[in-house]
Amino acid sequence: ISLNLVRAFEAAPEKVFAAWTEPQALKRWMAPHPSMQITVAESDLKVGGRYRIVMRDSDGKENRVGGVYREIDPGRRLSFTWAWESTPEQETLVTIELRQKGAGTEMTLTHTKFADAASRDLHEQGWEGCVGQLERLMAA
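Here's what I pulled together on the structure shown here.

What counts and how
Residues numbered from 1 in each chain as written. Predicted model: local features only at pLDDT ≥ 70, side-chain atom pairs only at ≥ 80, totals over all residues. Heavy atoms only, no water. Helix = DSSP H or I, 4+ residues; strand = E, 2+ residues; numbered from the N terminus. Buried < 20%, exposed > 50% of the residue type's maximum accessible area, 1.4 Å probe, protein only. Contact = heavy atoms within 4.5 Å. Areas by Shrake-Rupley, 256 points an atom, 1.4 Å probe, with all protein chains shown as cover. Lys, Arg positive; Asp, Glu negative; His and termini not counted. Charge placed at Lys NZ, Arg CZ, Asp CG, Glu CD. Pairing = 2+ DSSP bridges. Axes fitted to C-alpha atoms, helices over the stretch in contact; angles between N-to-C directions. Core = buried A, V, L, I, M, F, W, Y, C linked by side-chain atoms within 4.5 Å. Phe/Tyr/Trp six-rings, centres within 6.5 Å; stacked < 30°, edge-to-face > 60°.

**Some words on the overall build of the protein**
1) Next: Secondary structure assignment for the protein yields three helices and seven strands.
2) Next: Seen through its principal axes, the protein has C-alpha atoms that stretch 40 × 30 × 30 Å.
3) Next: When each of the 140 residues of the protein is scored for burial, the buried share is 44%.
4) Next: Taking all contacts inside the protein whose residues are at least 6 apart in sequence as the whole, residues at least 24 apart take part in 45%.
5) Next: Roughly 7,200 Å² of accessible area belongs to the protein as shown, and the carbon and sulfur atoms make up 48% of that amount.
6) Next: Side-chain charges in the protein split into 18 positive and 20 negative, and the spacing between the mean points of these groups amounts to 3 Å.

**With respect to the sheet that holds strand β7 (residues 104–112)**
Within a beta sheet, neighbouring strands are joined by backbone hydrogen bonds and run either parallel or antiparallel to one another.
1) Next: The seven strands are arranged β1-β7-β6-β5-β4-β3-β2 in an open sheet whose pairing can be described as antiparallel. For this open sheet the edge positions go to β1 (3–9) and β2 (37–43), each flanked by a neighbour on one side alone. On average, adjacent strands in this sheet sit at an angle of 20° to one another, irrespective of strand direction.
2) Next: Sheet contacts for helix α1 (residues 13–21): β1, β2, β4 (62–73), β5 (77–84), β6 (92–101) and β7; angle to β7, the most-contacted strand, approximately 35°.
3) Next: This element, helix α3 (residues 117–139), spans β1, β5, β6 and β7 of the sheet and lies at about 10° to β1.

**A few points about the nonpolar core**
1) Next: In terms of nonpolar packing, the biggest core is built from 35 residues, with Trp 20, Met 30, Met 107, Leu 109 and Trp 127 touching the most fellow members.
2) Next: Tallying contributions element by element places α3 first for this core, with six residues.
3) Next: Residues contacting Trp 127, with those up to four places away along its chain left out, are Leu 3, Leu 5, Trp 20, Met 30, Trp 82, Val 94, Leu 109 and His 111.

**Overview of α1**
1) Next: For α1, the buried fraction is high: seven of the nine residues fall into the buried class.
2) Next: Considered for burial, the residues of α1 that qualify are Pro 13, Val 16, Phe 17, Ala 18, Ala 19, Trp 20 and Thr 21.

**Observations concerning the packing of aromatic side chains**
1) Next: Across all of its chains, the model carries eight aromatic pairs by this definition.
2) Next: An angle of 45° between the planes, with centres 5.0 Å apart, marks the rings of Trp 82 and Trp 127 as tilted. One end of the pair, Trp 82, is in strand β5; the other, Trp 127, is in helix α3, and 45 residues separate them in sequence.
3) Next: Assessed through its relative accessible area of 4%, Trp 82 is described here as buried.
4) Next: According to the relative accessible area criterion, Trp 127 is buried, its value standing at 2%.
5) Next: Through a chain of ring-to-ring contacts, three or more aromatic side chains come together here, namely Trp 20, Trp 29, Tyr 51, Tyr 69, Phe 80, Trp 82, Trp 84 and Trp 127.

Shown next, in the form of structure tokens:
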């Protein structure tokens, strides 16, 4: 079970790629809602390297996600495992593909290996929020 999102950004592929891989950039957008704060963003950007993100909502509840980079092609493609610390056995796979479109970038996000449609649907809502924040960051 998988999901796909396609978005266009008025930013170069390298800038979009950096937003996905640089901790300071991740802290600015990698939460599904602007009221959430990214308290931790760590990235060891190499194949086999790990990343970790902690999101805190307005109630103080924290959600922690992390995984391992599987494929890194700067400005073009990024693939990594995705697992919430609360359910590490439910590891999924996220792939980001970036294509130059004029002066901007077309991004395809593919998230696969969901256990069920309910999990996919929750992640789709989350990604819609995150990508909306990324759109605002890339437009700034």
